[in-house]
Amino acid sequence: MEPAKPLIALLPTLRVSTCKAELDLLQLQKLMELTAPWAGGRALEGLEQMVQASDPVLHLWDGDFLVAFGRATSDSVYRAVLWDVMVHPRYQGKGIGRFLVTTLLDHPQLRGVEKIYLFTTHQQGFYERLGFQKNSSTALVLVR
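Residue indices begin from 1 for each chain and proceed along its sequence in written order. Owing to the predicted nature of the model, reporting of local features is limited to residues with pLDDT of at least 70; listing and counting of side-chain atom pairs is limited to 80 or more, with chain, interface and lining totals taken over all residues. Values reported for side chains reflect all heavy atoms of the structure, with hydrogen atoms and water molecules removed beforehand.

## Considering the packing of aromatic side chains
So, point 1. For Phe, Tyr and Trp, rings pair up if their centres lie within 6.5 Å, where Trp contributes its six-membered ring, and each pair is then called stacked (planes under 30 degrees apart), edge-to-face (over 60) or tilted (otherwise). According to the stated counting rule, one finds four aromatic pairs in the structure shown.
So, point 2. Look at F126 and Y127: their rings are 4.9 Å apart centre to centre, the planes differ by 80 degrees, and that puts the pair in the edge-to-face class. There is no split in this pair, since F126 and Y127 are both buried.
So, point 3. Each ring, one from Y127 and one from F132, has its centre 5.9 Å from the other, and the planes form 85 degrees; the classification is edge-to-face. An identical accessibility class is assigned to Y127 and F132; each is buried.
So, point 4. Through a chain of ring-to-ring contacts, three or more aromatic side chains come together here, namely F126, Y127 and F132. Relative accessibility decides the category of a residue: with a 1.4 Å probe and only protein chains considered, values under 20% of the type maximum give buried, values over 50% give exposed, and everything between is partly exposed.

In structure tokens:
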């Protein structure tokens with residue numbers, strides 16, 4: 001197996017987009033099924049609504065292949081949440097996840113936000129290396 005190329009070597013070939021209209025929902029659905037077991041089985045209609053209600057939405061492409069995706073919701077002042085940060089397994093370990101998260105955090109919608117939340121059980125160490133801290137406050141959830 002060939003060693004992973006660092007992000008700096010990949011950047012000239014990757015296209016970064018925040019345009020919701022450019023996002024291929026079928027590819028997003030496949031990426032979610034592959035990388036996010038908690039997001040498997042999401043319908044295309046729901047994904048469309050999810051994308052439209054999020055800002056920013058960031059996706060990275062290698063040609064016409066969806067490599068990575070992430071999104072956020074925010075009031076742009078006090079609170080924001082990062083959602084669905086994922087990188088295709090063939091592209092993991094190259095700095096793309098770090099690039100994705102730091103680019104989202106630097107977006108004008110999030111740049112000045114007081115607290116940015118993230119919910120994960122699988123990649124806590126990755127996010128801690130990016131400055132996120134464990135939060136011991138009580139979280140409540142209503143599942144419908």
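From this point, things continue past the structure.
## Concerning the pattern of salt bridges
As a working rule, side chains carrying opposite charge can pair if their charged atoms are close by.
So, point 1. Salt bridges are identified by distance alone: a Lys or Arg side-chain nitrogen within 4 Å of an Asp or Glu carboxyl oxygen. A complete count under the given rule lists five salt bridges for this structure.
So, point 2. For E114, the salt bridge goes to R79, with nearest N and O atoms at 2.7 Å. Here R79 lies in strand β4 (residues 79–87) and E114 lies in the loop between α4 (96–105) and β5 (115–118), a separation of 35 residues in the sequence.
So, point 3. Taking relative accessible area as the criterion, R79 reaches 33% and is therefore assigned partly exposed.
So, point 4. Across the pair D106 and R111 runs a salt bridge whose closest N-O atoms are separated by 3.2 Å.
So, point 5. The class of D106 is partly exposed, set by a relative accessible area of 45%.
So, point 6. Overall, the relative accessible area of 51% leaves R111 in the exposed class.
So, point 7. Residues joined in a network through salt bridges with shared partners are R42, R71 and D84. Per the convention used, a helix needs a DSSP run of H or I reaching at least four residues, while a strand needs a run of E reaching at least two, with both numbered from the N terminus.

None of the figures reported here should be taken as evidence of function without further support.
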